Amino acid sequence: MSMEKSFSFSSYHFSAPPRHSRDKDSEASSSNRGHHQWKSSGGEEDLQPEDHDSILRVSEDVDRFLETSATTPPLLQVPDCIPQLAKILDSMVYRYNTGKRKFGKDEENDELFLAVVDRISKISAILSTFPCDPSAFDKTTFSLEKAMSFLEKHLCTILQDPKSSTASATPTTHYHGDFQSNSKPKPPKKSSSFDSLTQIQDELCSTCVLENLNHQVQNQDHDQDSSNSNQYFPAFPQHKVSLMNKIATAMIAAGYQTEYCVAFASFRRIAFKTALQEFGYASVGMEEIHKMQWEVLEGEIATWNNTVRHCVTVLFNGERKLYNSVFSNQQSIISQNLLSDLARAVIIHFLNYAQGVVLTLLTVEKLFKFLDMYETLRDVVEPAIANGGSYLERCKKELAQEIATTKIRIVESTVAMFRDLENSVKGDSERVPIPNGAVHPLTRYVVNYLEYACEYKETLEQVLRQCLHDDKKIELEQDEETPKKSYLGTRLMTIMDLLNLNLENKSMLYKDSALRWVFLMNNGRYIVQKVKGCKELHQCMGDDWCRKRQSWLKLYHKNYRKDTWSKVLQCLNPDGLQGNISVVSPKDNNKDKVSKQMLKDKFKSFNSTFEDIYKTQSSWVVSDEQLKSELRASIAALVIPAYRSFFGRFKHHLQSSRHVDKYIKYHPEDIEALIEELFDGIAKTLPKRRS
Amino acid sequence: MSATTDHLMSLRGNQVHSVVEGSSLEIELETFQRQVTLRFLELAAVGNDDLLSLSWIRKLLDFFILCQDEMRLIFFNHRAQVMKPPMDRIVSDFFERCVKALDLCNAVRDGIEQIKQWQRLMEIVLYALDQKNIIGEGQCRRAKKALSDLGNCMVDDKESGAYMALRNRSFGRNTTIKDHYQNLNHNSNYQHRSVGHFRSLSWSVSRNWSAAKQLQAIGNSLCPPKSNDLVATCGLAMPVYTMSSVLLFVMWALVAAIPCQDRRLSLHILIPRQFPWSAPLLSLHERILEDSKKRERKNACGLLREIQGIEKCVRGINELVDTLQFPLTEEKREVVGQRVEDLSHVYEALKDGLDPLERQVREVFHVIVRGRVGT
């Protein structure tokens, strides 16, 4: 049975095929027939038993008629076979409509039916352009209309089958192209969430639980399982796809393309929406997004990313394959237009969501989620639209524009968030210093934030480059000495500088200058270690920066030693003692006495100075172990030799004195041990004096 | 340009700076008010036949976009002032209203999509009753079915319960075998094509969303700036109030014209008449309200002139088709031809006007979103 099409229309939209107008002269000859004449023609009462042979015979006659009318104008009187075939079609449709026969169950019957439909649609096309027997014309067109109604209805029944949007128990028997193996949705590579900057202040107020500020990586196994359920989307069994194909052929050949497309598009849209919902994606209004709590929205954005990926890589492909199969006999423009309309609606909807997110209050912790969306648009949606081939031709330009606009909005808000971070770092000023000179939460937050930002290094670089189309970009690019200056690097450098400035200001809050240096050392060390520990961040900041920061650390260290330990060393200065004690003049007892007294004072003041330092600085915090041992070693190297030599040289002068251990409280080893207890963050009382 | 002037002015020292800025701001604000007024006078000059036509709405949206851009420029030129309280609060209040308008933009785009579906049904009618062909009962049935679908689709949403009833009486007088078949066919739960599905086209708003409530929220506590706010903002509060009112009116007019979920139009726009732009705006509001109360427009799903055109044509053809006897007399043929011709005019107008309108509504959306990120 041939299924060739006799007419096809080039567009989904209305276009009238050029036909000859009816010859008015013939009007009079046909005016005496009313419409009642045929009214019973399709009546179920006189249903003919379906006899394949007679159908074939009538069909052959009709074919002959069609053949001759293709070359010569048809006769005014149409042959009997035509009303006969119309009658046959009527009874066939009646059987289907009443359920006496099922369409799509018996292929032979279906083919027979469709072949009759094909002939009738050809006949009615011919008769509608020629003056002929109006009764025959009415019969055929009415039969055709009934057949078309039935086919349209059946198409809707197939399309609205709920299984078409969900997985089937036996997916292998179902229609699916090779798209299922193509690509599973990739989860976003980074899935951490960041606390907000204001939370630092809260934590500062409470208990200073510093470690909490390290970013928390949440494992979000996001909806990976549910992707399986969509893997066979759209889940039409092969025979239904082929049925839809046959209906398309019949309806479009008969000029019912619009009816077909309207029904098809409506149902596919609903199925598509359902598929997205099953993937966990709920469409929400702009205002709703705007009002959403960040904790909730954060999760929604992750779902958005997954859904968009899945939709663009899997669902669109499945949809395209379905259309290709259903409209395989049609001009490709039909499926192109249908797909374009669908893709356009879906993608603009996704973009609206992203734009809604961008409109929420911009706070720094949102940056990474925004960048996730940016990456999805850039890496998944944009290429899919650009490489979508002809099937997205109609909406390609518009969508590219829409995506670009959305990306710009994300870029703008990214820049705003960076600005926000800078301002927060600049503006963060409290009146109370953090106890014991420890690493400030702000330092941790900012450095961890930047470390995390470096995971998005390339994206951020691109984003920051885009927003600098004005003066700054020119400035940066004209700088010949650093032709490849990184925008992100510049930005990070600024933030680090601001952080440093802020820390210096904070350090002024300490009354004890030594503690100030410890604070700066702690924070500086933390920053440098973090930068060196993160390859990306290190690259951004550069070796020079690290060297510079390390030299600052040395300076802090030096200043600390000076501020703390020079007064200790002063006590051990033998000047004024040396001459008098070593060269003891028997005549000058007075002098000897004074010297002894001086010696006693020196020991006493050493003891008390050291004890003070010990008491205070053992409670100071140096959390970096290496820095702590460096500091202790450096102190020991400074104090121990001086004390040892002072001790060795002068202790025998006092050995005869009463209460000698009031002056010589510590052996050099004691001092060494005590130095090892500095910076533990635990205020200590002095151990019992050695007996 | 403005950046350089700012720069120059700041070079001259603070005092000069503020004086110069003050007077330039005054001029900018005056120009803005004048522009808005002129535009609304132009819009109000429309004849009743063109009020809420596609071309008029496009002009309205054009003007909105221009005004919005002009306000942004003023804000940009005086951004330091804009960041300061109480202006920052006033701006963020305006922005809240704008976000609400975004949902309306999307709902209106869905509405336009809906009209495009009607267009397809009109295509079927035009195709079936094409004068180049002989029209028989078959063609007539096909057209009637599309017309009936069209009629059912075009019922305003608030009456969505009624469309079930409508659907069943589709071919009231001439019950034929085909209808009989349809009634007999209980196997299929699909009863009539597309009607139900046209309604669920919306991707943007939830089922219980209401355009009327959204409009109300935009207009909520909208009142002219108090004199102390005007002083404190150097007059910048005024364009914000003006734009809020314009936004409210534009959105209200869109909802009036285009099918939307729950588009009751009873919204009162309370704007004092003292502003030069408010008189034409309010008169437009009144005219549209009056139009909506006309008997034949009461249940319309949109006051867009072209929708009115569709309704008229559909009604005309429907009435005609019911009386047709086949074969057609030459006289009847001509009448049918005339009606179809009318329909094709409406169809062509929609075909040319809907896409640009849709793009413009999208542009309004973008303009609003852009307005926020900049500040």
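Residues numbered from 1 in each chain as written. Chains lettered and ligands numbered in written order. Predicted model: local features only at pLDDT ≥ 70, side-chain atom pairs only at ≥ 80, totals over all residues. Heavy atoms only, no water.

- Heading Sequence similarities (unreviewed entry) of the UniProt record for chain B holds this comment: "Belongs to the ROH1 family." (UniProt positions renumbered as here; feature names shortened; annotations may be inferred.)

- Chain A is annotated in an unreviewed UniProt entry as Exocyst subunit Exo70 family protein from Stylosanthes scabra.
- If you open the UniProt record of chain A and go to Sequence similarities (unreviewed entry), you find "Belongs to the EXO70 family."
- Database annotation for chain A, UniProt heading Function (unreviewed entry): "Component of the exocyst complex."

Comments concerning the overall build of chain B
Piece 1. Check the secondary structure of chain B and you find 15 helices and zero strands.
Piece 2. Taking all 375 residues of chain B together, the buried fraction comes to 59%.
Piece 3. Counting contacts in chain B only where the partners sit at least 6 residues apart, residues at least 24 apart contribute 80% of the total.
Piece 4. For chain B, the exposed area adds up to about 15900 Å²; of that, 53% sits on carbon and sulfur atoms. (Helix = DSSP H or I, 4+ residues; strand = E, 2+ residues; numbered from the N terminus. Buried < 20%, exposed > 50% of the residue type's maximum accessible area, 1.4 Å probe, protein only. Contact = heavy atoms within 4.5 Å. Areas by Shrake-Rupley, 256 points an atom, 1.4 Å probe, with all protein chains shown as cover.)

A look at the overall build of chain A
Piece 1. Across its full length, chain A carries 26 helices and two strands.
Piece 2. Counting across all 691 residues of chain A, residues that qualify as buried make up 55%.
Piece 3. Across chain A, every contact between residues at least 6 apart in sequence was considered, and the portion connecting residues at least 24 apart equals 83%.
Piece 4. For chain A, the exposed area adds up to about 30200 Å²; of that, 51% sits on carbon and sulfur atoms.

Here's the deal with empty space enclosed by the protein
Over the atoms, a rolling probe the size of a water molecule traces out where space has been left empty.
Piece 1. Here the structure, examined in full by the defined rule, presents 17 cavities of 30 Å³ or more.
Piece 2. Lining the second largest cavity we find 13 residues, and of these Arg269(A), Ala345(A), Ile348(A), Arg109(B) and Asp110(B) sit closest to its centre.
Piece 3. Contributions of two or more residues to the lining of the second largest cavity are made by α13 (332-358) of chain A together with α5 (87-128) of chain B.
Piece 4. When residues of the lining of the second largest cavity are assigned to their parent elements, the largest contribution, six residues, is made by α13(A).
Piece 5. Of the residues in the lining of the second largest cavity, the class split is three nonpolar, three polar and seven charged. (1 Å grid on protein atoms, 1.4 Å probe; cavity = no way out; pocket = protein on both sides within 12 Å on 5 of 7 lines; lining within 4 Å. Points joined across faces, edges and corners; volume = space filled by probe spheres on them. Nonpolar A, V, L, I, M, F, W, Y, C, P; charged D, E, K, R; others polar.)

Some remarks on the UniProt feature "transmembrane region" (unreviewed entry) in chain B
Piece 1. UniProt records the feature "transmembrane region" (unreviewed entry) at residues 236-258 of chain B, using the numbering of this structure.
Piece 2. For residues 236-258 of chain B, the end-to-end C-alpha separation is 33 Å, with 91% helix and 0% strand making up the annotated structure.

Digging into the nonpolar core
Piece 1. In terms of nonpolar packing, the biggest core is built from 193 residues, with Phe113(A) and Tyr560(A) touching the most fellow members.
Piece 2. No other element matches the 15 residues that α13(A) contributes to this core. (Core = buried A, V, L, I, M, F, W, Y, C linked by side-chain atoms within 4.5 Å.)

Description of the confidence of the model for chain A
All names here are of chain A.
Piece 1. On average, chain A scores 78 in pLDDT, and the residues at 70 or more come to 75%.
Piece 2. By mean pLDDT, strand β2 (residues 216-217) is the weakest element of chain A at 32, and helix α14 (residues 367-386) is the strongest at 94.
Piece 3. The low-confidence segment residues 205-231, where pLDDT is below 50, has 57 contacts with residues more than four positions distant or belonging to other chains.
Piece 4. Counted against residues more than four places away or in other chains, residues 582-586, with its pLDDT under 50, gives two contacts. (pLDDT = per-residue confidence, 0-100.)

Concerning the pattern of salt bridges
Piece 1. One pass over the full model with this rule turns up 50 salt bridges over all chains.
Piece 2. Residues joined in a network through salt bridges with shared partners are Arg344(A), Glu398(A), Arg109(B), Lys116(B), Asp355(B) and Glu358(B). (Salt bridge = Lys/Arg side-chain N within 4 Å of Asp/Glu carboxyl O.)

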